[in-house]
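# Summary of structural features
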Amino acid sequence: MSGARAWIAILMLNGALSGLTQLVAPAQPRLSDRQEYESVGQHPLEADCTWSVYCYRVLVPVLLEQIPLAPDSRWRWFRWSAVTAAGAIVSSTAASLGGGLSAAILVSVMVQTSFGFAFTAYDPYSAEPMVYLTSAVLAWCWMANRWAAALAIGIAGVFAKETVALMSGALALASFSERRENWRRWLVQAAIVAATLLAFHGVMETYFGWGIATNPASRFSEGSWLALWWRNNPGIGRKTFYLSMPFGFVWLYAAAGFLIAPAKLRHLAIGAALPFLALNYVQNPERALANVFFVVAPLAAVLLARVPRPVALAAVVTNGLFTARAGTASAWLPATPYLLLPAAATAAWVWWSLRHERDEPQG
């Protein structure tokens, strides 16, 4: 299949999977930040904004206000378009690392059914789809060594959500880990992106009366959002479940895939580790960890490329049903404990296949 036709096929697959999660999700989320985002979009940069951190996430709601559709429709079309593009970009990047179309298909399924992407189908009224798209593009920029493009995208992206600054920092750390010749330029782009975010906050807090004091994440000395999450989820079992929820057994596939992955992918994973672990301090861990899809899914695909295709496909589909059910809260799917069983069974099948392959005599 030619490059253009392969790209179109990957895009169509991601669009179909993104549309499917949107179809099975409830019509409306139980809790949402829609009011906050829409108010910011209707009154951008207004003095004395009372919506805490949402005041600074101005890019997405302002852009959506320009689209001549009903509010609900434009949010849902934005979500579908952004996560479709994000998944297609990450899948194509994985294919370019040597995995080919098979890797792209596996990555598409893993990304689109991951908890974070599925949660945007449950609650599309947020900046998360834009953050996922931005992260996917920035990961591609790093793979292609396009630091100037990453700088421009990062500067714009911090006006969507602060997470983009962490992604820019991850690219700088990855470049240093790789000892890339122009790693200093990557460090400069991260510094400029971070300075843009800090300057924006400083100006708006000093001259426009904004602030984040009402958000639990701002209580850094008290443990920020992580302390709240820890108290609200008693028991190690429940905490472990929530930490596994972003990718399910794909976490294990990715950890094993890291050992045999291409060097570029390993360095990107190393660079992402510290910034996105830090994100857990100010955001629910299951939401924070969902942001590392751009390395977790490709790493997992490296491992799954070593097992028969039916086994690999069964692994990502059964695992995807588990994570998608957790993200969408869909009534169309069985409860997560029931979906965990087939996902665990196919994970065991993967490890058996790997061991069988290793034990086979070499001819």
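To keep things clear, this report deals only with the structure shown in the data block. (Residues numbered from 1 in each chain as written. Predicted model: local features only at pLDDT ≥ 70, side-chain atom pairs only at ≥ 80, totals over all residues. Heavy atoms only, no water.)

### Observations regarding a nonpolar patch on the surface
Together, Leu101, Ile105, Leu313, Val317 and Leu321 make up an exposed nonpolar region whose accessible area comes to about 360 Å². Those elements that place two or more of their residues in the nonpolar patch are α4 (71-112) and α16 (309-328). For the nonpolar patch, the element with the highest residue contribution is α16, accounting for 3 residues. One can find Leu101 in helix α4. (Patch = residues over 30% accessible without salt bridge, like charges linked within 9 Å, V, L, I, M, F, W, Y side chains within 5 Å. Areas by Shrake-Rupley, 256 points an atom, 1.4 Å probe, with all protein chains shown as cover. Salt bridge = Lys/Arg side-chain N within 4 Å of Asp/Glu carboxyl O. Helix = DSSP H or I, 4+ residues; strand = E, 2+ residues; numbered from the N terminus.)

### Examining empty space enclosed by the protein
For the structure on display, the rule yields 3 cavities of 30 Å³ or more. Those elements that place two or more of their residues in the lining of the largest cavity are α4, α6 (128-144), α13 (263-279) and α15 (293-304). Top element by residues in the lining of the largest cavity is α4. It accounts for 5 residues. Of the residues contributing to the lining of the largest cavity, the split by class is 12 nonpolar, 1 polar and no charged. Estimated volume of the second largest cavity: approximately 40 Å³. Lining the second largest cavity, in full, are Met110, Thr113, Ser114, Pro246, Phe247, Val250, Val316, Asn319, Gly320 and Thr323. It is α16 that contributes the most residues to the lining of the second largest cavity, 4 residues altogether. Split by residue class, the lining of the second largest cavity holds 5 nonpolar, 5 polar and no charged. (1 Å grid on protein atoms, 1.4 Å probe; cavity = no way out; pocket = protein on both sides within 12 Å on 5 of 7 lines; lining within 4 Å. Points joined across faces, edges and corners; volume = space filled by probe spheres on them. Nonpolar A, V, L, I, M, F, W, Y, C, P; charged D, E, K, R; others polar.)

### Some details on the side chain of Thr113
Within the fold, Thr113 resides in the loop between α4 and α5 (115-122). A distance of 2.5 Å separates the side chain of Thr113 from the backbone oxygen of Val109, its partner in a polar contact. In this structure, Thr113 is in contact with Ala118, Gly320, Thr323 and Ala324, ignoring residues within four places of it in sequence. (Polar contact = N/O pair within 3.5 Å; in protein donor to acceptor, adjacent residues only side chain to side chain. Contact = heavy atoms within 4.5 Å.)

### Quick word on the packing of aromatic side chains
Scanning the model with the defined rule gives 22 aromatic pairs in all. Arranged with centres 5.4 Å apart and planes meeting at 75°, the rings of Tyr37 and Tyr54 form a pair that is edge-to-face. Of this pair, Tyr37 sits in helix α2 (residues 34-42) while Tyr54 sits in the loop between α2 and α3 (59-65); the two residues are 17 residues apart in sequence, bridging distant segments of the chain. With relative accessibility at 2%, the residue Tyr37 sits in the buried group. Relative to Phe322, the ring of Phe241 lies with its centre 6.1 Å away and its plane at 75°, an arrangement referred to as edge-to-face. Here Phe322 lies in helix α16 and Phe241 lies in helix α11 (residues 236-244), a separation of 81 residues in the sequence. (Phe/Tyr/Trp six-rings, centres within 6.5 Å; stacked < 30°, edge-to-face > 60°. Buried < 20%, exposed > 50% of the residue type's maximum accessible area, 1.4 Å probe, protein only.)

### Let's talk about the state of the cysteines
Throughout the structure, instances matching the rule amount to 1 disulfide. Note that Cys49 is cross-linked by a disulfide to Cys55, the S-S spacing being 2.0 Å. Judged by the sign of its S-S torsion, about -85°, the cystine formed by Cys49 and Cys55 is left-handed. The residues Cys49 and Cys55 share a single accessibility class, namely buried. (Disulfide = S-S within 2.5 Å.)

### Examining the environment of Leu304
Take Leu304: it is sitting in helix α15. Taking the relative accessible area as the measure of exposure, Leu304 reaches 1% and is therefore buried. The spatial distance from the C-alpha of Leu304 to the C-alpha of Pro29 is 34 Å, given a sequence separation of 275 residues. Beyond its immediate stretch of four places on either side in the chain, Leu304 contacts Leu106, Met110, Tyr253, Ala312, Ala315, Val316 and Val350.

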